[in-house]
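Here are the chains, one letter per residue:
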Amino acid sequence: MSADDVLLDLTGTVATVTLNRPDVRNALAVDTARELTDRFETIADSDARCVVVEGAGPAFCAGGDVGAMIEGVANDQPPADRAELVVSAINAAVESVYDCRLPVVAKIDGPTFGAGAGLALACDIQLASPEAKIGFGFRQVGLAIDSGVSYSLPRIVGPNKAKELVFTGELLDANAARELGIFTRLFETDSFEDGVENLVTTIAEGPTVALTQAKRLLDRGSEGTFEQALDREATAQGLAFTTDDHEEGATAFMEQRDPEFEGR
C-alpha cells in the first residue's frame, strides 16, 4: 500500500477523490479504506463545495480486496479478527462519505461491486456512463452485506427488489440500474465527462449552506412525523436566511439576473 492509493485533488470549489488501484479494480483493502476516510477528513477542512468520487482505470470499485481476504485465511488469522479489521475499516470509509456535509457525486464509468456498490450509494448522486455496471454480489464470496447496503439499497429500490438483487448477486447494466433509480443519471459515452463536469459545477456554484442543510433534511426526511420534518425545515431555513447567498439570491431574482453565490 502507498499514500497514493486514494488521491485527492482540491481545485477551486470541487474536491475530487480518486480510488487509485486500477490493477485490482480499485478494491478496498484495509489501508485503502482508511486512506479514503482520511481524505474526507481533509475535505471537511477545505474550501470545497462539492465532492466527486471516482475510480482510476476501467472500474469504479471492485469492493473488498478478495486477495487480502485469501491472504488472511492462508495466515490462519481468526475469522472474527478478519471481519473486525476489514468490515470496520470499510464501513468507516463509507460512513465518512455518507456523513460528508457537502453534496457528494459518484462518477461511475465502469463496474462496481459489493462494498464498491455500497460506496457508490453512500454518495448523494450517482452519475453513470454506458460502461457502468453495479452488483451487490457479496454472495459470490460467501459473505452477507456491509458498507451500508442494508440501509441504502431498500430505500432506493424497495425491500423486496433489494433482497432479489442481494440474493441473486445480479449484475445490472447501466440502463437497468438507471431504471431502478440506482443511477440517478446516465450519459452517453461521448458526453459523460462534460455532463458530469456541468452538473458538478452547478452544485459547486450553488448556495452551499442552503444545499448542505437541504442534504441533511432529505437524509432525515423519513424520520419522525410530518410536523417534526417541518420543524427541522424551519430551523434550517432560519440559518439559510442569515447567509450572504440568500441575500444575493433574492437580489438577483428581483434584478432578473443569475445569482453569483459564494458559498457563505
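Residues numbered from 1 in each chain as written. Predicted model: local features only at pLDDT ≥ 70, side-chain atom pairs only at ≥ 80, totals over all residues. Heavy atoms only, no water.

> Help me understand the sheet that holds strand β8 (residues 171-173) in this model?
Strand pairs in the sheet, formed through backbone hydrogen bonds, run parallel or antiparallel to each other. Strand order in the open sheet formed by 3 strands is β5-β7-β8, and the pairing between neighbours is mixed. The open sheet has two edge strands, β5 (111-113) and β8, and neither has a second partner. Averaged over neighbouring strand pairs, the angle between their axes works out to 15° when direction is ignored. Note: strand β7 (residues 133-135) against β8, 3 bridges, orientation antiparallel. (Pairing = 2+ DSSP bridges. Helix = DSSP H or I, 4+ residues; strand = E, 2+ residues; numbered from the N terminus. Axes fitted to C-alpha atoms, helices over the stretch in contact; angles between N-to-C directions.)

> How do you make sense of the sheet that holds strand β3 (residues 50-55) when you look at a structure like this?
If you trace the 6 strands from one edge of the open sheet to the other, you get β1-β2-β3-β4-β6-β9, paired in mixed fashion. If you trace the sheet from one side to the other, it starts and ends with β1 (6-11) and β9 (185-186), each paired once. Pairing of strand β2 (residues 14-19) with β3 involves 6 bridges; the strand directions are parallel. In the sheet register, A15 faces β3, and the bridge partner there is V51. Here helix α1 (residues 30-44) sits on the sheet and contacts β1, β2, β3 and β4 (104-108); the angle it forms with β1, its principal contact strand, is near 15°. (Contact = heavy atoms within 4.5 Å.)

> What is the right way to read the side chain of T208 from this model?
Looking at the element boundaries, T208 is found in helix α9 (residues 208-219). A polar atom in the side chain of T208 sits 2.7 Å from the side chain of R49. Here T208 is in contact with R49, L102, D245 and G263, once residues within four sequence places are set aside. (Polar contact = N/O pair within 3.5 Å; in protein donor to acceptor, adjacent residues only side chain to side chain.)

> Sorry if this is basic, but what is going on with the packing of α9 against helix α10 (residues 226-240) here?
Helix packing geometry: the angle between the two helix axes and the distance between the axes. Following both chains from N to C, one finds α9 and α10 inclined at 170°, their axes separated by 9 Å at the closest point. As judged from the angle between their axes, α9 and α10 are roughly antiparallel. Of α10, the residues touching α9 (which contributes V209, Q213, R216 and L217) are R232, E233, A236 and L239. Taken together, the residues of the contact of α9 with α10 break down into 4 nonpolar, 1 polar and 3 charged. (Parallel < 35°, antiparallel > 145°, perpendicular 65-115°, else oblique. Nonpolar A, V, L, I, M, F, W, Y, C, P; charged D, E, K, R; others polar.)

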